[in-house]
Amino acid sequence: MIDNFGLKIWLWIVTILTIVGNFYVAIISAKNLKERKNKDASVCNHILIINLSVSDCLMGVYLMIILVKDVQFAGRYSEFDYEWRSSTICSLAGSLCVISSQTSCFLMAVLTSYRLYAVYYPFKARHASAKPWIIAAVSSWIISVIIALVSNTTRYFKSKVLFLNDFSSSDSVTHDYVTDFACRVAILTNTSQDIDESNWESVQSFLMDEFPQYAPIGEIGYYGTTSVCMPRLYVNCSDSFWIYSIVIVTFNFLSFLFVLSGFGLIAWKIKKRPFKGDKAQKQHAKMNQRIARIIVSDFLCWVPICIMAYISVSGEKLPDGVEIFTAGVLLPINSAFNPILYSPYIETKVEYLWKRIRPNRNQRPNRNAIEPNVIS
């Protein structure tokens, strides 16, 4: 499934970080939310962070499924290739990937909107109701689940049929090939009245009842075109569902532009505020660093995917292995780093451990303790 050893190691590291980091942030945020209730304006932020952590954690679950299957099929994946890519587990893994990435994308836009509102209208935000933000979070989940289920249940997204036979050069053929085969067999055996060639279910039933040795074993759908069960983001105009994929990619690109613009406005608004004291200056610098990290993380995740998707739909062929690289490196970037970028808990822990491990170099040594005999 994954023939690059370095990529496998990277995937295990990212998977563990994604699951542990997001689970930790979700638990801490839920605990703080329970303690605070409606006492301050951070309630909305905690609600959105919990939802973001759960959605990003699903990306870790998707990667774990792929890694476990990679271990199971180690050294003999070719024996299970078609069976795996047409399986329910592969479809489930692909659905989790879509739900995670799309919900995370939606929630990042919602979080950007909330923080814009809090920065530009701080007094209103203190007494703002959490209801609109809860509705936005729930809507993000519903839309993402619908996107995943539509591409998983509709025959419109079924690209190939697993058809084991002695008459074609490949075990993966089109629906039209199977339909034509069934019609020819029906004519040769005088059973053509039992088949409706315009109805795929009729074709399947005919072969299952009359010629079970030639019955299709399964269908390879939207998530089964690659061994890692990634959604088909890289399509060309010959694919029947290319518009669907390009709409998703375009929306995610627009979402990145919205996050970029939103945090740019936040940084500009904070810069205009007067700061008194070193502590305020440090907080301002820290906020700018966090904003920069959020934008860079979002850029590294979605912009390369969008560029490659537009190149693919233009008719250019992408390099082999780009889907596995996307699933293993690009898509998990936000999921792995969002707990640090959007929540202070892990960042605070890391800073604390770093200070304990690495002493402060700016601290001057005590000369009285080091050279007691020099100073009288």
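Residues numbered from 1 in each chain as written. Predicted model: local features only at pLDDT ≥ 70, side-chain atom pairs only at ≥ 80, totals over all residues. Heavy atoms only, no water.

On to the overall build of the protein chain, then. Regarding its fold elements, the protein chain presents 14 helices and three strands. Classification of the 376 residues of the protein chain by burial places 47% in the buried group. Taking the intrachain contacts of the protein chain between residues at least 6 apart in sequence as the baseline, contacts between residues at least 24 apart amount to 73%. Of the roughly 20,900 Å² of accessible surface on the protein chain, a fraction of 62% belongs to carbon and sulfur atoms. (Helix = DSSP H or I, 4+ residues; strand = E, 2+ residues; numbered from the N terminus. Buried < 20%, exposed > 50% of the residue type's maximum accessible area, 1.4 Å probe, protein only. Contact = heavy atoms within 4.5 Å. Areas by Shrake-Rupley, 256 points an atom, 1.4 Å probe, with all protein chains shown as cover.)

This part covers helix 4 (residues 88–120). End to end, helix 4 covers 48 Å across 33 residues, agreeing with the expected 48 Å (1.5 Å per residue, within 8%). For helix 4, a buried count of 26 out of 33 residues is recorded, marking the element as mostly surrounded by other parts of the structure. (Expected span 1.5 Å × (residues − 1).)

Moving on: the confidence of the model for the protein chain. For the protein chain, the mean per-residue pLDDT works out to 80, and 84% of the residues sit at or above 70. Helix 4 holds the highest mean pLDDT among the elements of the protein chain, 90, whereas helix 14 (residues 367–370) holds the lowest, 44. Contacts for the low-pLDDT stretch residues 365–376, under 50 throughout, to residues beyond four places or in other chains number four contacts. (pLDDT = per-residue confidence, 0-100.)

Sheet architecture is open: three strands sit in the order 2-1-3, paired in antiparallel fashion. The open sheet is flanked by strand 2 (172–173) and strand 3 (218–220), the only strands paired with a single partner. Bridge count between strand 1 (residues 160–162) and strand 2: two bridges; the pairing is antiparallel. Residue pairing in the sheet places L162 in a bridge with S172 of strand 2. (Pairing = 2+ DSSP bridges.)

Moving on, we come to the packing of helix 4 against helix 9 (residues 242–272). Viewed as axis vectors pointing N to C, helix 4 and helix 9 meet at an angle of 25°, and their least axial separation amounts to 9 Å. Regarding the angle of helix 4 to helix 9, the classification is roughly parallel. Judged by the sense of rotation from one axis to the other, the crossing of helix 4 with helix 9 is left-handed. Two secondary-structure elements touch here, helix 4 through Q102, C105, F106, M108, A109, T112, S113, R115, L116, V119 and Y120 and helix 9 through I248, F251, N252, S255, F258, V259, G262, F263, L265, I266, W268 and K269. Of the residues in the contact of helix 4 with helix 9, the class split is 15 nonpolar, six polar and two charged. (Axes fitted to C-alpha atoms, helices over the stretch in contact; angles between N-to-C directions. Parallel < 35°, antiparallel > 145°, perpendicular 65-115°, else oblique. Left-handed = near helix turned anticlockwise from the far one by under 90°. Nonpolar A, V, L, I, M, F, W, Y, C, P; charged D, E, K, R; others polar.)

With respect to the helices and strands, V161 occurs in strand 1. When the C-alpha atoms of V161 and Y82 are compared, they prove to be 9.5 Å apart, with 79 residues separating the residues in sequence. The residues touching V161, leaving out its near neighbours within four places in the chain, are D171, S172, V173, T174, H175, V178, W200, P216, G218 and E219.

Let's shift gears to the nonpolar core. What tends to happen in soluble globular proteins is that the nonpolar side chains get buried as a cluster. Ranked by size, the top nonpolar core spans 40 residues in total, and within it I2, Y62, I66, W84, V228 and Y234 carry the most contacts. Those elements that place two or more of their residues in this core are helix 1 (5–36), helix 2 (42–72), helix 4, helix 10 (278–313), helix 11 (322–330) and helix 12 (332–342). In contact with W84, other than residues within four places in its own chain, are M1, I65, I66, K69, F73, Y77, I89, C90, S227 and C229. Counting 24 residues, the second-largest nonpolar core is a separate cluster that includes V25, L107, V110 and F263. (Core = buried A, V, L, I, M, F, W, Y, C linked by side-chain atoms within 4.5 Å.)

Here the focus is a nonpolar patch on the surface. A surface patch of nonpolar side chains, about 390 Å² in accessible area, is lined by I134, V138, I142, I146 and V150. Position of I146 among the secondary structure elements: in helix 6 (residues 131–153). (Patch = residues over 30% accessible without salt bridge, like charges linked within 9 Å, V, L, I, M, F, W, Y side chains within 5 Å. Salt bridge = Lys/Arg side-chain N within 4 Å of Asp/Glu carboxyl O.)

It is worth spelling out the side chain of T326 at this point. For T326, the position within the fold is in helix 11. Apart from residues no more than four positions distant in its own chain, T326 is found in contact with M230, Y234, I305, M308, L331 and P332.

Attention now goes to the side chain of T15. Within the secondary structure layout, T15 lies in helix 1. We classify T15 as buried; its relative accessible area is 0%. Those residues in contact with T15 that sit more than four places away from it in its chain are G60, L63, M64 and L67.

As for its placement among the helices and strands, T153 is situated in helix 6. Residue class for T153 comes out exposed when judged on its relative accessible area of 59%. As a C-alpha pair, T153 and G221 span 68 residues in sequence and 8.8 Å in three-dimensional space.

With that settled, the discussion passes to the pattern of salt bridges. Inspection of every chain in the model, using the stated rule, returns three salt bridges. Between K8 and D70 there is a salt bridge whose closest N-O contact spans 3.4 Å. Of this pair, K8 sits in helix 1 while D70 is found in helix 2, placing the two residues 62 residues apart along the sequence. Given the relative accessible area of 23%, K8 is considered partly exposed.

This brings us to the packing of aromatic side chains. Under the counting rule described, the total for this entry stands at eleven aromatic pairs. When the ring of Y114 is compared with that of W133, the centres are 5.3 Å apart and the planes differ by 80°; the resulting orientation is edge-to-face. Of the two residues, Y114 sits in helix 4 while W133 sits in helix 6, which places them 19 residues apart along the sequence. Residue W133 is classed as buried on the basis of its relative accessible area, which comes to 15%. Where F256 meets F299, the ring centres are 6.0 Å apart and the plane angle is 55°; that geometry is what we call tilted. Of this pair, F256 sits in helix 9 while F299 sits in helix 10; the two residues are 43 residues apart in sequence, bridging distant segments of the chain. A relative accessible area of 39% places F299 in the partly exposed class. Ring-pair connections join several aromatic residues into one group, and the members of that group are F73, Y77, F80 and W84. (Phe/Tyr/Trp six-rings, centres within 6.5 Å; stacked < 30°, edge-to-face > 60°.)

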